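Inside the fold
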Amino acid sequence: MDRFVINGGKKLFGRVNICGAKNSVLPLIAASVLNEGVTRIRNCPKIRDVYIMAKIIERLGGKYTFSGDTLDLYTEGVSTWVLPEDLTGEIRASVFITGALISRFGYAETAKPGGCNIGNRPLDIHINALKSLNVTVSEGETIAFSGANAKSGKVVLRFPSVGATENVMMAAVRLNGTTTIENCAEEPEIIDLQNYLNLLGAKVVGAGTRTIIVEGVNKLYRGEIEFTPRSDRIEAGTFLLCGACAGGEIEINGLNIEESLSLCKIIRRNACKIYRKDDKMYTVKYYPRAKGFGRVIAEPYPGFPTDLQPQLTAAACLAEGLTVTEDRVFPSRFSYAEELAKMGADLRVLENVCVVSGKRLSGATVSAGDLRGGAALCLAALGAEGKTTILNVSHIDRGYEGFEVKLKSLGADIQRIVT
């Protein structure tokens, strides 16, 4: 397993370019199954999760190529609705493809998907939502979906799940009549999926709100579609918090303040000043040391994102004062806290709440257990005294393209040790 070695205490200066959003690209790859042609995704991050999803398309009978930052997906040859068990076991987002397969073939079959170990993420929201469309579901060693008698209707999600929202959107696009999805997730990445589906000839409105309406169409476009997803607000937020840990001045190309407002409000008060250069470019000047962030609650958009909760907690470990983080999306997402404690962090986890009293940290050997928790350990290492070795960084590669390369370009003392 590769590892990072970080010598902390180096302030960060320079520009970082933010890739296309992972949480947009993965459902777009799933939705490409609906286009019996070519889907070209621009500004696509070269990350492990993208490669796994593209390989799933390949195993279904399609093809893919990567050229620069452009991913081309050739899906005319997709000929099976059975997802490969070995690949679905690696990535949670594979469940998105079931909705697209049901729409194209009427059937889908999958093993239970894998992904980060961040607590309970049940599939029942997806299953119950698809059942609302009269999809038959059989659960055993695999989960089989039959849409032979599927029909449009009303779907009410018991929790605003991003994946379930997107799955139902894809499953409903070719059903006769109107499908209404209520209690939807409002994350901006869902707007990208809506826009892509509409380029294919679907009729979807309401993405980004609590209600999405899908008017079924008889057929979808077959041909070449080019799409550029929005910038990754989680990557942008991670680099904003890198600066809060290390100090310095960073120019971030691809920061959308509106979509990152919940984070920007917090760190503007406590850690930095943000200066706008244009719509996507901001200069961020950091204070010598951040102050405690108070009470931060991770909850569905537009609330503070759960995918930034570990990174903010890491920054809080270095800040002066008290921070309380609560996660209402993934209550068990605090396994990284034990690793931060090895660096001297003063923090305590009580169910879905972490209480942090900021102090100086010292380098140690720690291990990444999941994507965002691994990024959090890197942030802590940037601000710690001495050398930190972070093991199992393949988790970090799942969601960040060239993370150590970008940090090094900002002046961080970081290297990847390949083993």
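This write-up is about the structure you can find in this document. (Residues numbered from 1 in each chain as written. Predicted model: local features only at pLDDT ≥ 70, side-chain atom pairs only at ≥ 80, totals over all residues. Heavy atoms only, no water.)

Some thoughts on the sheet that holds strand β9 (residues 154-156)
By definition, the strands of a sheet pair up through backbone hydrogen bonds, in either a parallel or an antiparallel sense. Pairing is mixed across the open sheet formed by four strands, whose spatial order is β9-β10-β12-β11. The outermost strands of the open sheet, each flanked by one partner alone, are β9 and β11 (203-205). Mean inter-strand twist for the sheet, computed between neighbouring axes without regard to direction, equals 15°. Of the strand pairs in this sheet, strand β10 (residues 178-182) and strand β12 (residues 211-215) are connected by five bridges, and their pairing is antiparallel. Bridge pairing in β12 places Thr178 opposite Glu215. (Pairing = 2+ DSSP bridges. Helix = DSSP H or I, 4+ residues; strand = E, 2+ residues; numbered from the N terminus. Axes fitted to C-alpha atoms, helices over the stretch in contact; angles between N-to-C directions.)

Digging into helix α2 (residues 48-59)
Its 12 residues give α2 an end-to-end C-alpha distance of 16 Å, which sits within 8% of 16 Å, the value for a rise of 1.5 Å per residue. Every buried residue belonging to α2 is among Asp49, Val50, Ile52, Met53, Ala54, Ile56 and Ile57, and all of these are buried. Lining the buried residues of α2 we find α1 (22-31), β4 (63-67), β5 (70-74), α3 (85-88) and α4 (96-105). (Expected span 1.5 Å × (residues − 1). Buried < 20%, exposed > 50% of the residue type's maximum accessible area, 1.4 Å probe, protein only. Contact = heavy atoms within 4.5 Å.)

Here we look at the packing of aromatic side chains
Under the criterion given, the structure shown has seven aromatic pairs. Ring geometry for Tyr400 versus Phe403: centroids 4.8 Å apart, planes at 35°, classification tilted. Residue Tyr400 is classed as buried on the basis of its relative accessible area of 2%. Ring pairs connect the aromatic residues Trp81, Phe105 and Tyr107, which therefore count as one cluster. For Lys285, the ring lying beneath its charged end belongs to Tyr275, and the centroid distance is 5.3 Å. (Phe/Tyr/Trp six-rings, centres within 6.5 Å; stacked < 30°, edge-to-face > 60°. Lys NZ or Arg CZ within 6 Å of the ring centre and 35° of its normal.)

A few points about the layout of surface pockets
Taken as a whole, the second largest pocket holds about 280 Å³ of empty space. Around the second largest pocket, the lining comprises 21 residues; the ones closest to its centre are Cys245, Ala246, Pro288, Arg360 and Gly383. Among the secondary structure elements, those contributing two or more residues to the lining of the second largest pocket are α8 (233-246), α10 (309-318) and α12 (371-383). At four residues, the largest contribution of residues to the lining of the second largest pocket is made by α8. Here the residues of the lining of the second largest pocket sort into 11 nonpolar, four polar and six charged. (1 Å grid on protein atoms, 1.4 Å probe; cavity = no way out; pocket = protein on both sides within 12 Å on 5 of 7 lines; lining within 4 Å. Points joined across faces, edges and corners; volume = space filled by probe spheres on them. Nonpolar A, V, L, I, M, F, W, Y, C, P; charged D, E, K, R; others polar.)

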